[in-house]
Amino acid sequence: MFIFVLQTIWLYISELAGKDLDVWIVLKFLWYVSPRLIPLVLPLTILVTSLMVFGSFAEKYEFAAMKSTGISLQRAMGSVIGFIIVLSITAFFFANNVIPYSEYKWQNLRRNISQFQPSMVISEGQFSQIGDMFNIKVEKKTGDRDQFLEDVVIHKKNETKPNGNYTVIIANNGELASEEGSNTLSLILKEGNYYEEIQTKNPGKQKGEPFAKSYFDEYSINIDLTELNNKDIDKENNLNNQNMYNISELRVEIDSLSESYSTDIQSYTKNMYYRSGVEKFKENKISDSAKPPAISSILEIYNPAHQLQIVKLALNNAKGTLQTVDAKKVEFKNKTKRLNKTEIALHEKYALGIACIILFFVGAPLGAIIRKGGMGLPMVVAILLFLTYHFIGIFAKNSAEDGTMHPFIATWLSTAIMLPLSIWLTYRATTDQGIFDFDSFMQRIGRLFGIKRKKKSE
């Protein structure tokens with residue numbers, strides 16, 4: 001757990017460092033993010049500990065002593081198996097109740113932390129909205145508080161016409177300046193240009209798109225930060241994703257998304273069918289006697305001028321239809337991805353408990369077979385097995401999100417692969433066999449060649 005928490009700190013260090021946060025807030029952030037690490041930590045922990053403990057027993061001939069008194073391996077593992085089953089059931093309820101709550105609190109706290117400094121709201125390389133009137137883009141931020149800005153582009157809305165960006169300010173560099181406790185942020189721009197689109201009541205003059213341009217050495221903009229400075233670290237935001245639901249909520253969400261997806265597909269299909277105009281031709285059937293003489297193309301009925309208009313109209317309709325299809329394709333792909341993610345989240349809650357049991361039956365027999373305890377070989381073997389299990393799960397879930405694999409198969413694939421391995425290892429450990437009997441294998445090869453030689457001599 002400590003290792004994975006450290007990894008989380010490295011992942012989110014940019015969101016925590018330099019924000020003037022109290023230690024208590026950082027600890028709260030780590031406390032809320034820790035439960036989401038349990039699906040990674042718990043299976044690995046069970047695999048490592050079972051390998052180390054049973055490997056240590058075998059290395060010190062504890063199992064040999066047990067078997068000499070008539071205690072089988074299954075009986076020796078009985079109490080631990082009971083503990084693992086109880087732990088798996090606990091893990092299921094933990095994944096169903098605690099993890100969704102902690103996920104919501106973590107995402108909520110993360111969003112609130114992002115509002116602790118005005119400079120945090122401005123991202124590099126993209127437009128960021130500050131207040132209702134300004135959209136700001138900077139190429140680079142420097143300084144101990146990211147207060148120095150380079151290549152600043154500002155779109156300012158007009159107070160009378162808030163739906164348009166009629167003012168554009170471009171500056172080579174700038175600086176964010178604000179006194180502690182002040183609700184006003186001063187943005188000092190240097191070496192730039194000010195462009196303003198002039199709005200006139202005369203439509204004729206407006207067609208000429210009049211604008212005013214001015215150059216400045218230094219220009220200051222005061223931005224009201226009343227809303228940003230009312231920072232409440234415990235403020236509840238409206239957040240929503242599949243990781244914040246328990247099983248009952250996930251089932252409702254899956255039904256809702258499936259029904260919405262099917263309805264959208266049907267309505268879009270009907271819309272495209274009616275737009276094609278085929279329905280009109282079905283109503284107006286032409287009798288055989290009224291059919292015109294044979295022609296090679298319907299366009300031959302019209303004169304050349306009308307033919308050109310018809311072809312242009314058909315091309316425009318086809319292009320419009322293709323654009324609509326491309327847009328809907330992206331929309332339906334996003335809906336499919338969201339539905340698949342929700343189904344994966346549902347199956348993951350069941351898979352966690354089952355994975356704990358199966359990985360125990362991989363680690364415990366393997367430890368008894370290799371007869372090595374401690375932090376050496378068992379740790380290496382456990383990490384290799386877990387990485388195999390984990391990477392298979394990641395690749396399968398990524399395939400399921402894209403729709404190339406069913407979410408049910410993707411979620412259970414890594415567990416299903418480990419199941420036969422656990423059965424085989426348990427059988428080998430119970431019958432006092434190694435993982436691979438090299439002598440027996442060579443004897444079988446020898447017998448096979450011996451049989452072939454006899455057949456040749458005959």
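- Where an unreviewed UniProt entry is consulted, the protein chain appears under the name Permease, with the organism given as Aequorivita vladivostokensis.
- Listed in UniProt under the heading Subcellular location (unreviewed entry), the comment for the protein chain reads: "Cell membrane".

1. Points about the overall build of the protein chain
Inference 1: Secondary structure assignment for the protein chain yields 16 helices and six strands.
Inference 2: Buried residues in the protein chain amount to 32% of all 458 residues.
Inference 3: For the protein chain, the accessible area works out to roughly 29000 Å², and carbon and sulfur atoms hold 58% of it.

2. Structural notes on unusual backbone geometry
What you tend to see is this: most non-glycine residues have negative phi, and most peptide bonds are trans.
Inference 1: The phi dihedral of Tyr61 falls on the positive side, at around 60°, and the residue is not glycine.
Inference 2: Looking at the element boundaries, Tyr61 is found in the loop between helix H4 (38-59) and helix H5 (62-68).

3. Side note on the packing of H4 against helix H14 (residues 377-402)
Inference 1: Contact pair H4 / H14: the axes reach a minimum separation of 9 Å and the direction vectors enclose 145°. The interaxial crossing formed by H4 with H14 has right-handed handedness. Of H14, the residues touching H4 (which contributes Leu40, Pro43, Leu44, Leu47, Val48, Leu51 and Met52) are Pro378, Met379, Val381, Ala382, Leu385, Phe386 and His390.
Inference 2: For the contact of H4 with H14, the per-class residue count stands at 13 nonpolar, one polar and no charged.

4. Brief notes about the pairing of strand S2 (residues 134-142)
Inference 1: Where strand S1 (residues 128-130) lies against S2, three bridges are found, and the strand directions are antiparallel. Looking at the pairing, Ser128 lines up with Ile136 of S2.
Inference 2: By the bridge criterion, eight bridges tie S2 to strand S3 (residues 148-157) in an arrangement that is antiparallel. Paired with Lys140 across the bridge in S3 is Glu150.

5. What about the environment of Pro210?
Inference 1: Here Pro210 is to be found in the loop between helix H9 (203-207) and strand S6 (211-224).
Inference 2: The spacing of Pro210 and Ile198 is twelve residues in sequence and 5.6 Å in space, taken between C-alpha atoms.

6. Some words on the pattern of salt bridges
Inference 1: The full count for this structure, using the stated rule, is seven salt bridges.
Inference 2: In this structure, Glu348 and Lys397 form a salt bridge, with 2.7 Å as the shortest nitrogen-oxygen distance. Taken together, the residues span a long stretch of sequence, with Glu348 in helix H13 (residues 304-370) and Lys397 in helix H14 at a distance of 49 residues.
Inference 3: Taken together, the shared-partner salt bridges connect Asp264, Lys328, Glu331 and Lys335 into one network.

7. A short note on the UniProt feature "transmembrane region" (unreviewed entry) in the protein chain
Inference 1: Feature annotation in UniProt places "transmembrane region" (unreviewed entry) on residues 37-55, 76-95, 350-370, 377-396 and 408-427, given in this structure's numbering.
Inference 2: Taken as a whole, residues 377-396 contains 100% helix and 0% strand, while its terminal C-alpha atoms sit 29 Å from one another.
Inference 3: The span residues 408-427 carries 100% helix and 0% strand; its end-to-end C-alpha distance comes to 29 Å.

8. Some thoughts on the environment of Met405
Inference 1: Mapped onto the elements of the fold, Met405 is located in the loop between H14 and helix H15 (407-430).
Inference 2: The exposure class of Met405 is partly exposed, given its relative accessible area of 27%.
Inference 3: Linking Met405 and Asn340, residues 65 residues apart in sequence, is a C-alpha distance of 9.6 Å.
Inference 4: Ignoring sequence-local partners within four residues, the contact set of Met405 consists of Ala396, Ser399, Ala400 and Ala410.

9. Regarding a nonpolar patch on the surface
Inference 1: A cluster of nonpolar side chains, namely Phe2, Ile3, Leu6, Trp10 and Ile13, defines an oily patch on the protein surface of about 610 Å² accessible area.
Inference 2: In terms of residue count, helix H1 (residues 2-11) provides more of the nonpolar patch than any other element does, four residues in total.
Inference 3: Here Leu6 falls in the partly exposed class, since its relative accessible area comes to 34%.

10. Concerning the nonpolar core
Inference 1: Met77 and Phe360 are the most contacted members of the largest nonpolar core, which totals 46 residues.
Inference 2: Among the elements of the structure, H1, helix H3 (23-33), H4, helix H7 (78-113), H13, H14 and H15 are those that each provide at least two residues to this core.
Inference 3: The biggest single contributor to this core is H13, with eleven residues.
Inference 4: Each residue touching Phe360, except ones within four places of it in the same chain, is listed here: Ile46, Ser50, Phe54, Met77, Val80, Ile81, Ile84 and Pro365.
Inference 5: The next biggest cluster of nonpolar side chains, apart from the first, holds 18 residues, and it includes Ala171, Leu185, Leu189 and Ile223.

11. Thoughts on the packing of aromatic side chains
Inference 1: Applying the stated criterion across every chain yields a total of 13 aromatic pairs.
Inference 2: Where Phe54 meets Phe57, the ring centres are 6.1 Å apart and the plane angle is 70°; that geometry is what we call edge-to-face. Of this pair, Phe54 and Phe57 are both found in helix H4, three residues apart, which corresponds to roughly one turn of the helix.
Inference 3: For Phe54, a relative accessible area of 4% corresponds to the buried category.
Inference 4: One aromatic cluster in this structure is built from Phe54, Phe57, Phe360 and Phe361.
Inference 5: If you follow Arg36 out to its NZ or CZ, it ends over the ring of Trp106, 4.2 Å from the centre.

Definitions and limits used
Residues numbered from 1 in each chain as written. Predicted model: local features only at pLDDT ≥ 70, side-chain atom pairs only at ≥ 80, totals over all residues. Heavy atoms only, no water. UniProt positions renumbered as here; feature names shortened; annotations may be inferred. Helix = DSSP H or I, 4+ residues; strand = E, 2+ residues; numbered from the N terminus. Buried < 20%, exposed > 50% of the residue type's maximum accessible area, 1.4 Å probe, protein only. Areas by Shrake-Rupley, 256 points an atom, 1.4 Å probe, with all protein chains shown as cover. Axes fitted to C-alpha atoms, helices over the stretch in contact; angles between N-to-C directions. Left-handed = near helix turned anticlockwise from the far one by under 90°. Contact = heavy atoms within 4.5 Å. Nonpolar A, V, L, I, M, F, W, Y, C, P; charged D, E, K, R; others polar. Pairing = 2+ DSSP bridges. Salt bridge = Lys/Arg side-chain N within 4 Å of Asp/Glu carboxyl O. Patch = residues over 30% accessible without salt bridge, like charges linked within 9 Å, V, L, I, M, F, W, Y side chains within 5 Å. Core = buried A, V, L, I, M, F, W, Y, C linked by side-chain atoms within 4.5 Å. Phe/Tyr/Trp six-rings, centres within 6.5 Å; stacked < 30°, edge-to-face > 60°. Lys NZ or Arg CZ within 6 Å of the ring centre and 35° of its normal.

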